[in-house]
Amino acid sequence: MSKTTQNGINHKLWDSINFLRGPIGLNEYKNYILSLLFFKYISDVWVDVNEEYKTRYATEEDTKSSMDLERFVLDDDCTFNYISQYSKNPDIGERINQALLKVELLNSDKLGGVFRNVDFKRLGDSLDKNKRLEKLFQIFNHDEFDFRPSISGHETRAQKAFSYLIEQFAMMLGKVSGDFHTPQEVSRLLGKLLSPKVGSSIYDPSCGSGSLLLSLANEVKDKEGNISKDFSLYGQETITDIFAICKMNLCLHGLDENSSNIKFGNTITNPSHIEREKLKEFDIAIANPPFSLHWDDLIGKEDYLGRFERGVPPRSKADYAFILHTIESLKENGRMGIIMPHGVLFRGSTEGKIRRKLIEENLLEAVIGLPANLFYGTGIPVVILIFNKAKGTNTDILFIDASEKHELGRKQNKLIATNIDEIVEIYEAFRNGVDFNSSKYKPLVDKFARRVPFQEVIDNDFNLNIPRYVDTSEDIPPVDVLGVQQEIDILEKELLEVKVKMKEYLNRLTLIQVNNHPQRRWL
């Protein structure tokens, strides 16, 4: 499918559903729309395979036995097409609820909790609710929203439409959206920086819509450079509707088996990924947790998992609580990337002590400053911290100031492909021990990046503020004092000559005025 066609479908879908929203809050409305789109997708996938098996097998029993082994298990009375027949009935909201409940029960491992946050009986007041639902069914019954895999390219329509809607809702919701979605460009950058290998276990402790997990999944490639599905995804989310969106997002991208690894709950107060009373460990971790969240620091003081042995972060800011939790969730050679506000680089007190210990343990690999106004939830610039438990003898830290590497947008700035490639190239060169003073890399890192020795960080009292290490100021050319003085002398001489001529002209004008005075002529 061409990009233009997909864009047309996306815009048509957004315009239609936004027109029908009415008085319903956008944050609530997103749950209904995304759930309905997902319901349509899994129904089309099931119906498509079911029709194929009906022609392949002689008996209904054989067909059903085979269907029970498919990605999604449904019955005829809980498909989108079946419910669509009753879209004009007064009880359509209840019929949808019952169908979704049945879908959850039949697919409890993959879809448990996916529809728990929607009640279609509440979609508007009694006067317009049914009309709105009827219109929504009409929209999704258009040919553009036929997601059957047997029609070439149609299955990817659902993925792209779902991703587009998440981006639109995130953009419209602004600050509210900061907790659930990372812009695609930032997700792509993190995926390329961490570049997971085949067989990797990948973890996001605050997984939101799943965009970061999906970006890393897209970077898993086999020896021939082809995208591999030999990996496992894990995550946890504390907001019920966002937890559901993440599971739906993974299923839409064909990662159904991983959706059961997405757990509901607060990662800091009640981590779900536990093995033998210890945190489960992963090859790669990635996170964009809510910034400077208030948390119960008593949990840190009483933590039986050993996450806060380097110190308990202050109650007013949970940033280092997320950092410490994620580090302790890594295998002995694991790597992680986490998005944080700049305050984690220089705040003192307990946070300063924690930061010092992480640096002294040689865990911090890179500090990457990003441009301001990249995120939906905040306009502040953010930083990516890369931690690596297998740095070995390399005690240097890479600092990158990418604050100017962006494209201006109408509402938000964007990282473009060249910006991402520049950052990734320097990071990979650093990891490979490349000499940044070489003729190739010196112009690339100038006013952009720097390999900083451990001793310099010590000399700066473990303050990681990027301008301390990367000088982005413009060079001021040396002043030729003698040349400037000569120019001044020339100008003063020219000024003197002008004054002499001016005086001469004024004298002439005075003489002319005196000679032309009426009294003078009369005399």
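This structure is a prediction, so every number in the text was calculated from the model and none was measured. (Residues numbered from 1 in each chain as written. Predicted model: local features only at pLDDT ≥ 70, side-chain atom pairs only at ≥ 80, totals over all residues. Heavy atoms only, no water.)

Per the secondary structure count, the protein chain includes 20 helices and 11 strands. Taking 2.2 N^0.38 as the reference for a compact globule, 523 residues should give roughly 24 Å; the C-alpha atoms of the protein chain span a radius of gyration of 32 Å, well beyond that estimate. Each of the 523 residues in the protein chain was classed as buried or not, and the buried ones make up 50%. Considering only contacts in the protein chain between residues 6 or more positions apart, those separated by 24 or more positions represent 72%. Working note: accessible area of the protein chain is about 26,000 Å², and carbon and sulfur atoms make up 50% of it. Treating the 67 positive side-chain charges of the protein chain as one cloud and the 77 negative ones as another, the clouds have centres 5 Å apart. (Helix = DSSP H or I, 4+ residues; strand = E, 2+ residues; numbered from the N terminus. Rg over C-alpha atoms; globule rule 2.2 N^0.38 Å. Buried < 20%, exposed > 50% of the residue type's maximum accessible area, 1.4 Å probe, protein only. Contact = heavy atoms within 4.5 Å. Areas by Shrake-Rupley, 256 points an atom, 1.4 Å probe, with all protein chains shown as cover. Lys, Arg positive; Asp, Glu negative; His and termini not counted. Charge placed at Lys NZ, Arg CZ, Asp CG, Glu CD.)

On to the pattern of salt bridges, then. This structure, assessed with the given rule, holds 30 salt bridges. Note that Asp77 is salt-bridged to Lys102, the shortest N-O span being 3.0 Å. With Asp77 in the loop between helix H3 (60–67) and helix H4 (80–84) and Lys102 in helix H5 (residues 92–106), this residue pair connects regions lying 25 residues apart in the sequence. Under the relative-accessibility criterion, Lys102 is labelled partly exposed at 27%. Between Asp91 and Arg95 there is a salt bridge whose closest N-O contact spans 3.3 Å. Because the salt bridges share partners, they merge into one network encompassing Arg71, Lys110, Asp256 and Glu257. (Salt bridge = Lys/Arg side-chain N within 4 Å of Asp/Glu carboxyl O.)

Now for the sheet that holds strand E7 (residues 330–341). Within a sheet, neighbouring strands are paired by backbone hydrogen bonds and run either parallel or antiparallel to one another. As summarised here, the arrangement of the nine strands in space is E3-E2-E1-E6-E7-E9-E8-E10-E11, forming an open sheet in which the pairing is mixed. Each end of this open sheet is capped by a strand with a single partner; those strands are strand E3 (262–264) and strand E11 (449–452). Neighbour to neighbour, the strand axes of the sheet diverge by 15° on average, direction disregarded. Contacts from helix H14 (residues 319–328) reach strand E1 (201–204), strand E6 (282–287), E7 and strand E9 (382–388), with the element oriented near 160° to E7. (Pairing = 2+ DSSP bridges. Axes fitted to C-alpha atoms, helices over the stretch in contact; angles between N-to-C directions.)

Turning next to the layout of surface pockets. As a volume, the largest pocket reaches approximately 1,400 Å³. Along the walls of the largest pocket sit 42 residues, with Ser163, Glu167, Gln184, Glu185 and Arg188 positioned nearest its centre. Elements with a minimum of two residues in the lining of the largest pocket: helix H1 (3–19), helix H8 (154–173), helix H9 (184–194) and helix H10 (211–217). (1 Å grid on protein atoms, 1.4 Å probe; cavity = no way out; pocket = protein on both sides within 12 Å on 5 of 7 lines; lining within 4 Å. Points joined across faces, edges and corners; volume = space filled by probe spheres on them.)

Time to look at helix H15 (residues 349–360). The terminal C-alpha atoms of H15, which comprises 12 residues, lie 17 Å apart, in line with the 16 Å expected from a rise of 1.5 Å per residue. Among the residues of H15, those classed as buried are Glu351, Gly352, Ile354, Arg355, Leu358 and Ile359. One side of H15 carries all its buried residues, which in axial view fall inside an arc of 160°. Within H15, the exposed residues directed more than 90 degrees away from the buried face are Ser349 and Lys353. Elements in contact with the buried residues of H15: H14, strand E8 (364–369), E9, strand E10 (397–401) and helix H18 (454–459). Asn362 lies just past H15 and shows a positive phi near 60°. (Expected span 1.5 Å × (residues − 1). Arc of directions from axis to C-beta.)

The next subject is the environment of Lys405. Looking at the element boundaries, Lys405 is found in the loop between E10 and helix H16 (417–431). Overall, Lys405 belongs to the partly exposed group, its relative accessible area being 23%. Placed 43 residues apart in sequence, Lys405 and Phe448 show a C-alpha to C-alpha distance of 9.5 Å. Residue contacts for Lys405: discarding those within four places in its chain leaves Pro371, Leu415, Asn419, Glu422 and Phe448.

In this section: the nonpolar core. The tendency in soluble globular proteins is for nonpolar side chains to be buried as a group. Of all hydrophobic cores here, the largest spans 62 residues; its most connected members are Phe38, Tyr41, Phe120 and Leu165. Counting residues per element, the ones that place at least two in this core are H1, helix H2 (26–56), H4, H5, helix H7 (129–140), H8 and helix H11 (240–252). The element best represented in this core is H2, accounting for 16 residues. Ranked by size, the runner-up nonpolar core spans 47 residues in total, among them Phe231, Leu370, Ile384 and Phe430. (Core = buried A, V, L, I, M, F, W, Y, C linked by side-chain atoms within 4.5 Å.)

The next subject is the packing of aromatic side chains. Counted by the stated rule, this structure contains 18 aromatic pairs. For the pair Phe80 and Phe137, a centre-to-centre distance of 4.8 Å together with 35° between the ring planes defines the contact as tilted. With Phe80 in helix H4 and Phe137 in helix H7, this residue pair connects regions lying 57 residues apart in the sequence. Residue classification places Phe80 among the buried positions, given a relative accessible area of 0%. Judged by relative accessible area, which is 1%, Phe137 ranks as buried. An angle of 15° between the planes, with centres 4.4 Å apart, marks the rings of Tyr203 and Phe282 as stacked. Remark: Phe282 occurs in strand E6 and Tyr203 occurs in strand E1; sequence separation between them is 79 residues. For the pair Tyr203 and Phe282, a shared accessibility class is recorded, and that class is buried. Ring pairs connect the aromatic residues Phe39, Phe80, Phe137, Phe140, Phe145 and Phe147, which therefore count as one cluster. If you follow Lys110 out to its NZ or CZ, it ends over the ring of Phe72, 5.6 Å from the centre. Taking NZ or CZ as reference, Arg451 lies 5.2 Å from the ring centre of Phe436, over its face. (Phe/Tyr/Trp six-rings, centres within 6.5 Å; stacked < 30°, edge-to-face > 60°. Lys NZ or Arg CZ within 6 Å of the ring centre and 35° of its normal.)

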